[in-house]
Amino acid sequence: WSEYVLGAIDLGISLAAALILCQLRPAVIWLPLVKTTLTLSPWIYVPFATALIWLIINATNCTDGVDGLSGSLSALAFLYLGGILYGVVGHKDISSYLLVPHYPDGATWGLMAFFMVGSLCGYLWHNAYPSAVLMGDAGSRPMGLLLGMLVLASGNPFLIFVVAGVVLVNGALGLVKVALLRFLKIGIFDNVRYPLHDHVRHNAG
């Protein structure tokens, strides 16, 4: 499949995931440095959530290319998100104390994140040098999908920069570079190879 077909499939899956999270009801989110919550109409939330999920699916997929890189970075992201979902927004007393909204399903999403950490630890242990299994699109894309859904389930979309900042820098900046060059003919980062791990491997040894 071409990258356009894969991108379109990712977009359709991202839209479906955003609709499942939103269920066409107003979504309550919380933002850093703001005490009050923000209620978004589904017409605003769904396009934004779709774009975020699509971005992290492709960033996670681009990061998969060095043994264990995508798996280890994603495992850390899932661990942090699980703690936030289970111990903060999923806990009524703690969320009230920290002035963030309480999500009754937060603990369930948190358990899903911890299950994913366990799965990835098993994969990384089995795939330790010399590696035997290639994760590929079949592993990295669903991993990115779940990562995006968990960030949105936490109610704070900006957490993606905290828990998966390295994944975004490594993978998503390459998407920005290609999009600017292909659609706007703007050539930036010409001397930097993306994903960034390829630049480090080939140019810095």
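Our subject is the structure listed above.
Counting restarts for each chain, with residues numbered from 1 along the sequence as it is written. Where local features are concerned, this predicted model is filtered to residues with pLDDT of at least 70; where side-chain atom pairs are given and counted, the filter is 80 or more; whole-chain, interface and lining totals use all residues. Hydrogens are left out, water is left out, and the side-chain values use all remaining heavy atoms of the structure.

Caption draft 1: Examining the side chain of Thr63 more closely. When you line up the elements, Thr63 lands in helix H2 (residues 42-63). Think of it in three bands: residues with accessible area under 20% of the maximum for their type are buried, residues over 50% are exposed, and the middle band is partly exposed, with areas taken using a 1.4 Å probe on protein chains only. For Thr63, a relative accessible area of 0% puts it in the buried group. Nitrogen and oxygen atoms within 3.5 Å of one another constitute a polar contact, given that in protein one can donate a hydrogen and the other can accept it, and given that sequence-neighbouring residues count only through two side-chain atoms. Engagement of the side chain of Thr63 in a polar contact is seen with the side chain of Asn170, the distance being 3.2 Å. We call two residues in contact when some of their heavy atoms are within 4.5 Å. Look past the residues within four positions of Thr63 in its chain and what remains in contact with it is Leu69, Ser70, Leu73, Val167, Asn170, Gly171 and His197. For helices the rule is a DSSP run of H or I covering at least 4 residues; for strands it is a run of E covering at least 2, with both sets numbered from the N terminus onward.

Caption draft 2: Broad picture of unusual backbone geometry. Of note, the bond from Tyr129 into Pro130 is cis; its omega dihedral lies within 30 degrees of zero at -5 degrees. The phi torsion at Gln23 lies on the positive side, around 55 degrees, for a residue other than glycine. Taking the relative accessible area as the measure of exposure, Gln23 reaches 48% and is therefore partly exposed. Unusually for a residue other than glycine, Leu99 sits at a positive phi of about 60 degrees. Looking at where Leu99 falls in the secondary structure, it is placed in the loop between helix H4 (92-97) and helix H5 (106-126).

Caption draft 3: Seen up close, helix H3 (residues 69-89). With 21 residues, H3 should reach 30 Å at 1.5 Å per residue; the first-to-last C-alpha distance of 29 Å fits that figure. Regarding H3, the residues found buried are Ser70, Gly71, Leu73, Ser74, Ala75, Ala77, Phe78, Leu81, Gly82, Leu85, Val88 and Val89. Turning to H3, the residues buried within the fold contact H2, H4, H5, helix H6 (136-153), helix H7 (159-163) and helix H8 (165-183). Multiplying 1.5 Å by the residue count of a helix minus one yields the expected span of that helix.

Caption draft 4: Fine view of the environment of Thr50. Assignment of secondary structure puts Thr50 in helix H2. Thr50 sits in the buried class, given a relative accessible area of 7%. With 33 residues separating them in the primary sequence, Thr50 and Gly83 have C-alpha atoms 24 Å apart. Excluding anything up to four places from it in sequence, Thr50 contacts Leu11, Ser14, Leu15 and Ala18.

Caption draft 5: Representation of the pattern of salt bridges within the structure. We define a salt bridge as a contact between a side-chain nitrogen of Lys or Arg and a carboxyl oxygen of Asp or Glu at a distance within 4 Å. Evaluation of the coordinates by the stated rule reveals two salt bridges. Two residues, Asp10 and Arg141, come together in a salt bridge whose shortest N-O distance is 2.2 Å. A residue pair is termed long-range when its members are at least 10 positions apart, and Asp10 in helix H1 (residues 3-22) and Arg141 in helix H6 qualify at 131 residues. This pair shows no difference in class: Asp10 is buried, exactly as Arg141 is.

Caption draft 6: Just H5, in detail. Between its first and last C-alpha, H5 extends 30 Å over 21 residues, near the 30 Å set by a 1.5 Å rise per residue. Turning to H5, its buried residues number three or more, namely Gly106, Trp109, Gly110, Ala113, Val117, Leu120 and Tyr123. When H5 is viewed along its axis, its buried side chains cluster within an angular range of 135 degrees and face the same direction. Away from its buried face by more than 90 degrees, H5 exposes Thr108, Phe115, Trp125 and His126. In the core, the buried residues of H5 are packed alongside H1, H3 and H6. As used here, the arc belongs to the directions running from the helix axis to the C-beta atoms.

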